Protein chains: 2
Amino acid sequence: MKYKDYKILAKVTPDASYTVSMEQDIFDTDNPLIAGKTGSEKVLFVIDRGIGEKAIEKIKTYAAGFSMDAAFLVLKGGEDVKLGWDNVYRVVDKAEDHGLDRKSLMVLVGGGSVLDMAGFTASILHRGIRHIRVPTTLLSQTDAGIGTKNGINFRGQKNLLGVFNTPEAVFIDPSFLHTLDQRQISSGLAEIIKVALIQNSELFRWVERHYQDFLAQEFENNEMVTRIIWQGVLEHIKQINTDPYETEQGRPLDFGHQWGHRLEIITGHAMNHGEAVAAGMAIDCIISHKRNLLSSTDLESILSLLKAVKLPLVYESAAAAELWPGLEDFRRHLGGELAITLLKGIGKKIDVNTLLIEELEYALAYVKEQVQ
Amino acid sequence: MKYKDYKILAKVTPDASYTVSMEQDIFDTDNPLIAGKTGSEKVLFVIDRGIGEKAIEKIKTYAAGFSMDAAFLVLKGGEDVKLGWDNVYRVVDKAEDHGLDRKSLMVLVGGGSVLDMAGFTASILHRGIRHIRVPTTLLSQTDAGIGTKNGINFRGQKNLLGVFNTPEAVFIDPSFLHTLDQRQISSGLAEIIKVALIQNSELFRWVERHYQDFLAQEFENNEMVTRIIWQGVLEHIKQINTDPYETEQGRPLDFGHQWGHRLEIITGHAMNHGEAVAAGMAIDCIISHKRNLLSSTDLESILSLLKAVKLPLVYESAAAAELWPGLEDFRRHLGGELAITLLKGIGKKIDVNTLLIEELEYALAYVKEQVQ
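Just so it is clear, the model here is predicted, and its values are computed rather than measured.

Parameters and conventions
Counting restarts for each chain, with residues numbered from 1 along the sequence as it is written. By the order in which they are written, chains take letters starting at A while ligands take numbers starting at 1. Per-residue local features are limited, in this predicted model, to residues with pLDDT of at least 70; the limit for side-chain atom pairs, both in listing and counting, is 80 or more; totals at the level of whole chains, interfaces and linings are taken over all residues. The side-chain quantities take in all heavy atoms of the structure and omit both hydrogens and water. What counts as a helix is a DSSP run of H or I of at least four residues, what counts as a strand is a run of E of at least two, and both are numbered from the N terminus. Taken over C-alpha atoms, the radius of gyration is set against a globule rule of 2.2 Å times the number of residues to the power 0.38. For each residue, the accessible area found with a 1.4 Å probe, counting protein chains only, is set against the maximum for its type, and the residue is called buried under 20%, exposed over 50%, and partly exposed in between. Note on contacts: a residue pair qualifies if any of its non-hydrogen atoms lie within 4.5 Å across the two residues. Copies overlap after least-squares fitting; the atoms used are the C-alpha atoms of residues with pLDDT of at least 70 in both. Whenever a carboxyl oxygen of Asp or Glu lies within 4 Å of a side-chain nitrogen of Lys or Arg, that contact is scored as a salt bridge. As used in this record, nonpolar core signifies buried Ala, Val, Leu, Ile, Met, Phe, Trp, Tyr and Cys residues forming a set joined through side-chain atoms within 4.5 Å. Each residue carries a pLDDT value, the predictor's own confidence for that position, ranging from 0 to 100. Any two strands with at least two DSSP-identified bridges between them are counted as paired. Each axis is a line fitted through C-alpha atoms, taken for helices only over the stretch in contact, and angles between the N-to-C directions span 0 to 180 degrees.

**Q** Outline the overall build of chain A, listing residues and values.
**A** Within chain A, the regular secondary structure consists of 14 helices and 11 strands. Over its C-alpha trace chain A gives a radius of gyration of 21 Å, about what one expects of a compact globule, namely 21 Å for 372 residues. Its C-alpha atoms put chain A at 70 × 60 × 35 Å along the principal axes. The burial tally for chain A puts 64% of its 372 residues in the buried class. Put simply, of all contacts in chain A between residues at least 6 apart along the chain, 77% involve residues at least 24 apart.

This is the structure we're talking about:
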């Protein structure tokens, strides 16, 4: 070709690594951790109303105590906060009115939905504002809030718009768990059980033995609760370190999610994320069993545990025909050939490239008969 | 602290490097370059109408010739395409209707504004779809279209929303330059002169000697035209390789842009980007001279060249008070302390941290008297 020597490599190899740590009482007035991240820069706290008035006041007191140049935006959490652009605009408006720039800091405090939406906003405002995440629900502390992904729902699709981007740090403060209701705790356990199922059988046994402490909200000075949460974090980060931007074909962390995402949508989020994922995992475990990958004993243990942690595995109107499109949505989100995670044992995942609608029908019938 | 051992590093160090190359007749039916990037995946071409019907038809013929599963979206280019979300939605709709996924390819063909908006959309759809850029204007081929930045205008601010993201490749095909009018060519020369001024005096001399060939559109088999364009590319990529995501304090590639961005806004884009940048550079060269950094001879050479390439350096209603807020917008976009690039000679930049409105007033008066 005429211009054969006119070629140059633009070398772009950023280090976007970040730390995830468990911290006690992150907003106590004598805890300098977050204050130390702000320096003299402006701060915007985006806070999930779900943490309660007392915790919100504590954050404001914290910011005042360290003389931060801070603004606060409190939003109703839950999946609706991710619906379209409305809340993105609210964050942009608040950030702009407060005069944030790229050296400023956004501190995102809340459940996975608030972190997803506000993390996305932080990622696109001024081409990316520094932010740290303080996940406050069991689910976000062990899954949605600690990874590389953010996004909003659009055109009826979960996370259709979003980016891979990393925070400066993630601080997991178990003291927030007291603000949760039982459904939120069960939902968080679903994602812990998920990482246990795909890669850590010991964690599965821990949850089997100690889930009652979670349901009873016995978090204080409870070593096994702490270890279970932290092991959930480690299993999650292990996957992120393997494939942070999901360029590989499989998405093991999305075990059960192809049905779960669909269940959330078709129930209009009557099933929350963890519940829907649990129902999706139940289906995939049954399919794994039907394919002679997973033993009856293991299947029984899994379904029993999911039930024991009060996860509803059946949604009455969920027919196979309604769930089936979830498979194509899932394939398209990653692209290329379909790759679905099944189990060949507790703690042992296996990727497959095809599923049959008959298998889904079988699993739905099975779960309705055996589980309810 | 209670949880002191509960800390892990999420290691995220992606390689986002990409090649920029000059290519002849990229959409000739026997040029397999782009076809080879698509494989069997779906493709969406987002095309700037400004390249003309003939070139658009050629792209469609190209896609058909290689039996691509392609869709086409043709948009009116220019700054308006970046205004708010309308065109982002159009790209999303087209991509979704065609069933694109993350393994699919978007081929973005056009001027800097179309590349900015469509590149942003590609970056946030499904958390990032592969894309390649084919900049078609002199400005986008040497500046806006080859770097790491994209974005849209929002709340009256240029590029308020966007991300740093890299394409898979950038292909520069000079055959598109025949579609440009004189203002577009002059505008592109402004950005080439910019990189010359901040870091390559020899390139400045080349432009002094050969700008007539650009204005006369004598691009074919014109070795110096090719060398000037390519040197513009190299100077730009040199900066990107130094600081791809603009984490350092200075933004040398934005020489003159603090006034330029403002001029674009206050003239309602009656001044295009290159023209506004040229006017901004003229101001900063005069300030550099007033500070005894830049000699009279050099200042004269610069202003003469900008005039010779038909760049209007004055906009009648641009008063200092109107331009001055551009400084704070500029500081905020990067954050931290203000860092403005001035010149201590042709090809030699120097960063300063303060400017006075009196200096801006002086420069505006100077340019009005001396240049017009």
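**Q** Report on the relation of the copies chain A and chain B, specifying residues and quantitative values.
**A** Aligned on chain B, chain A shows an RMSD of 0.0 Å; the corresponding rotation is 180° and the shift along the axis is 0.0 Å. In short, the pair behaves as if placed about a two-fold rotation axis.

**Q** Would you mind going over the pattern of salt bridges in detail, with residue names and values included?
**A** Two side chains of opposite charge can pair, provided their charged atoms sit close to one another. Enumeration over the complete set of coordinates arrives at 42 salt bridges over all chains. Close ionic contact of D28(A) with K58(A) constitutes a salt bridge, the shortest N to O distance being 2.7 Å. Note that D28(A) is positioned in the loop between β2 (18-22) and α1 (33-38) and K58(A) in helix α2 (residues 53-65), a separation of 30 residues in sequence. One connected set of salt bridges, linked through shared partners, spans R102(A), K149(B), E246(B), R251(B) and D254(B).

**Q** Residues and numbers for the nonpolar core, please.
**A** With 83 residues, the main nonpolar core has V20(B), L189(B) and L197(B) as its most contacted residues. Counting residues in each nonpolar core, the second largest holds 82 residues, with L177(A), I198(A), W206(A) and I283(A) among its members.

**Q** Mind laying out the confidence of the model for chain A, listing which residues take part and the relevant values?
**A** Residue-level pLDDT values for chain A average 93, and 99% of them are 70 or greater. On the interface metric, ipTM, the complex scores 0.93, and its pTM is 0.94.

**Q** Tell me about unusual backbone geometry, and name the residues and values.
**A** Only a minority of non-glycine residues have a phi that is not negative, and only a minority of peptide bonds are not trans. Despite not being glycine, D25(A) shows a phi value in the positive range, around 50°. Tracing the chain through its elements places D25(A) in the loop between β2 and α1. Here N221(B), not a glycine, exhibits a phi torsion of approximately 50°, which is positive. The class of N221(B) is exposed, set by a relative accessible area of 69%.

**Q** Can you tell me about the sheet that holds β2(A), naming the residues and giving the values?
**A** In any sheet, the strands associate via hydrogen bonds between backbone groups, in a parallel or an antiparallel arrangement. Strand order in this open sheet of 7 strands is β4(A)-β3(A)-β5(A)-β6(A)-β9(A)-β2(A)-β1(B), and the pairing throughout is mixed. Pairing within the sheet leaves two strands with one partner each, and these edge strands are β4 (70-75) of chain A together with β1 (7-10) of chain B. In this sheet, adjacent strand axes meet at a mean angle of 15° when their direction is disregarded. One ladder, built from 4 bridges, connects β2(A) with β1(B); its direction is antiparallel. Opposite S21(A), over in β1(B), you have K7(B) as the bridge partner.

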